[in-house]
Amino acid sequence: MSVPPFDFKNYSIYTQAPNPSWQYGQKIDTTPAGKEWLEGEAAGWKVFNTAETDKVDLYKLFISGIVPRPIAFVSTISEEGIENLSPFSWFNTVTNYPPVISFACNHSAPGVLKDTIANIKTNQGFTVNIISEAFVDNANATAIDAPRGFDEWSISGLTKEKCVEVKASRVKESAFSMECELYKSIDITHPVTGEHNSTLILAHVKYIHVRKDVLTPKGTIDLEKFKPVGRLGDISYARVGDAYRIARGAWAQDEAKIQELLKL
């Protein structure tokens, strides 16, 4: 497949929302884009019964349908002092108070823990780093199916940086890194077969390292400077495209309009 080179010049800009004049109760077919979207319903739906669908096919559906996914670039260290670095896109925030994030790791084989999970269960301290465009190739290299005990830092070209509290290194090149300790580890077992194929990690974030040049005066992260990447299906990654802001409704302001709509 022939693809154009990466475009370093164009990046995220803020635009209006797709339908800036939308009102409560407005149907999708009131805009040209909405009508075009609904035309796809003519093809119908294919329903996948997960109990009857091959696990490889389920994997392909999940990683291509649940997109884009943020990536946890996880650094751990073994009892022997061997460091490990690996990306996981089954990742997201859980809550800000207490500050908890989560990521899941599929096992190499049923019941066989990967180094990342084994290290976390043993040492409990680790770091989660966010990947930016400038080093996505470096991060991707650590996803190699290396043998147990291999230090992926050695092939990444990335720099180890000491943490405030945990023994595992953080990635110096990451503009947003979190020092974490294990909050809870949950073994995910198949409800029918009982196979233990995945582990969910809930991580308590103890320290956050933010590079000053991406931090705004409001205490938020500047998207255009941060340039985070996400995961799509197969071997695809994504940059953040054009962004738009949509105000969240307030009942105190909108109750009258909503009550009027419900009378129709």
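Further up the page is the structure itself.
Since the model is a prediction, treat every value here as computed from it, not as a measurement.

What counts and how
- Residues numbered from 1 in each chain as written.
- Predicted model: local features only at pLDDT ≥ 70, side-chain atom pairs only at ≥ 80, totals over all residues.
- Heavy atoms only, no water.
- Helix = DSSP H or I, 4+ residues; strand = E, 2+ residues; numbered from the N terminus.
- Buried < 20%, exposed > 50% of the residue type's maximum accessible area, 1.4 Å probe, protein only.
- Areas by Shrake-Rupley, 256 points an atom, 1.4 Å probe, with all protein chains shown as cover.
- Lys, Arg positive; Asp, Glu negative; His and termini not counted.
- Charge placed at Lys NZ, Arg CZ, Asp CG, Glu CD.
- Core = buried A, V, L, I, M, F, W, Y, C linked by side-chain atoms within 4.5 Å.
- Contact = heavy atoms within 4.5 Å.
- Pairing = 2+ DSSP bridges.
- Patch = residues over 30% accessible without salt bridge, like charges linked within 9 Å, V, L, I, M, F, W, Y side chains within 5 Å.
- Salt bridge = Lys/Arg side-chain N within 4 Å of Asp/Glu carboxyl O.
- Polar contact = N/O pair within 3.5 Å; in protein donor to acceptor, adjacent residues only side chain to side chain.
- Axes fitted to C-alpha atoms, helices over the stretch in contact; angles between N-to-C directions.

Caption draft 1: Quick look at the overall build of the chain. Helix and strand content of the chain: seven helices and 13 strands. Each principal axis of the C-alpha atoms in the chain carries an extent, and together these give about 70 × 50 × 45 Å. Buried residues in the chain amount to 33% of all 264 residues. Accessible surface, the chain: about 17,600 Å² in total, of which carbon and sulfur atoms supply 56%. Side-chain charges in the chain split into 28 positive and 32 negative, and the spacing between the mean points of these groups amounts to 5 Å.

Caption draft 2: The arrangement of the nonpolar core in detail. In this structure, Val74, Ile101, Phe103, Phe126, Val128, Met178 and Cys180 are the most contacted members of the largest nonpolar core, which totals 22 residues. Counting only elements with at least two residues in this core, the list comes to β2 (72–77), β5 (99–106), α3 (115–123), β6 (125–129), β9 (176–189) and β10 (196–210). With four residues, the single largest contributor to this core is β9. Those residues in contact with Met178 that lie beyond four places of it in its chain are Ile101, Phe126, Thr127, Val128, Ile130, Val205, Tyr207 and Ile208.

Caption draft 3: How the structure looks around the side chain of Ser102. Within the fold, Ser102 resides in strand β5. On the accessibility criterion, Ser102 (14% relative accessible area) is buried. Every residue in contact with Ser102, bar those within four places of it in the chain, is listed here: Trp90, Phe91, Asn92, Val94, Leu200, Ile201 and Leu202.

Caption draft 4: Layout of the pairing of β2. With six of six residues buried, β2 is to be regarded as a mostly interior element. Burial of the side chains of β2 extends over both faces: Ala72, Val74 and Thr76 are buried on one face and Phe73, Ser75 and Ile77 on the other. Note that β2 and strand β3 (residues 83–88) share six bridges and pair antiparallel. Considered in β3, the bridge of Ala72 is made with Phe88. In this structure, the hairpin formed by β2 and β3 is closed by a connection of five residues, where Gly81 is found at a positive phi of approximately 90°. Of the strand pairs in this sheet, β2 and β6 are connected by three bridges, and their pairing is antiparallel. When the sheet's bridge partners are listed, Phe73 is paired in β6 with Asn129.

Caption draft 5: Representation of a nonpolar patch on the surface in the model. Together, Trp22, Tyr24, Leu261 and Leu264 make up a nonpolar patch on the protein surface, roughly 440 Å² of accessible area in all. Residue position: Trp22 is located in the loop between β1 (14–15) and α1 (32–39). Looking at Trp22, the relative accessible area reads 45%, which means it is partly exposed.

Caption draft 6: Focus on the environment of Phe150. Mapped onto the secondary structure, Phe150 falls in the loop between α4 (136–141) and α5 (153–156). Among the residues examined, Phe150 registers a relative accessible area of 29% and is labelled partly exposed. Residues Phe150 and Asn119, 31 residues apart in the sequence, show an inter-C-alpha distance of 13 Å. Beyond its immediate stretch of four places on either side in the chain, Phe150 contacts Glu83, Asn84, Asp115 and Ile155.

Caption draft 7: Highlighting the side chain of Ser174. Assignment of secondary structure puts Ser174 in the loop between β8 (170–171) and β9. Looking at Ser174, the relative accessible area reads 4%, which means it is buried. Here Phe176 takes part through its backbone oxygen, which lies 3.0 Å from a polar atom of the side chain of Ser174. A distance of 3.4 Å separates the side chain of Ser174 from the side chain of Ser177, its partner in a polar contact.

Caption draft 8: Expanded view of the sheet that holds β9. Strand order in the open sheet made by the seven strands is β3-β2-β6-β9-β10-β5-β4, with antiparallel pairing throughout. Strand pairing shows two members of the sheet lacking a second neighbour, β3 and β4 (91–96), which therefore form its edges. Each strand of the sheet is rotated relative to its neighbour by a mean of 30°, with strand direction disregarded. Sheet topology note: the β4/β5 ladder contains five bridges and is antiparallel. Counted as the bridge partner of Thr93 is Ile101 from β5.

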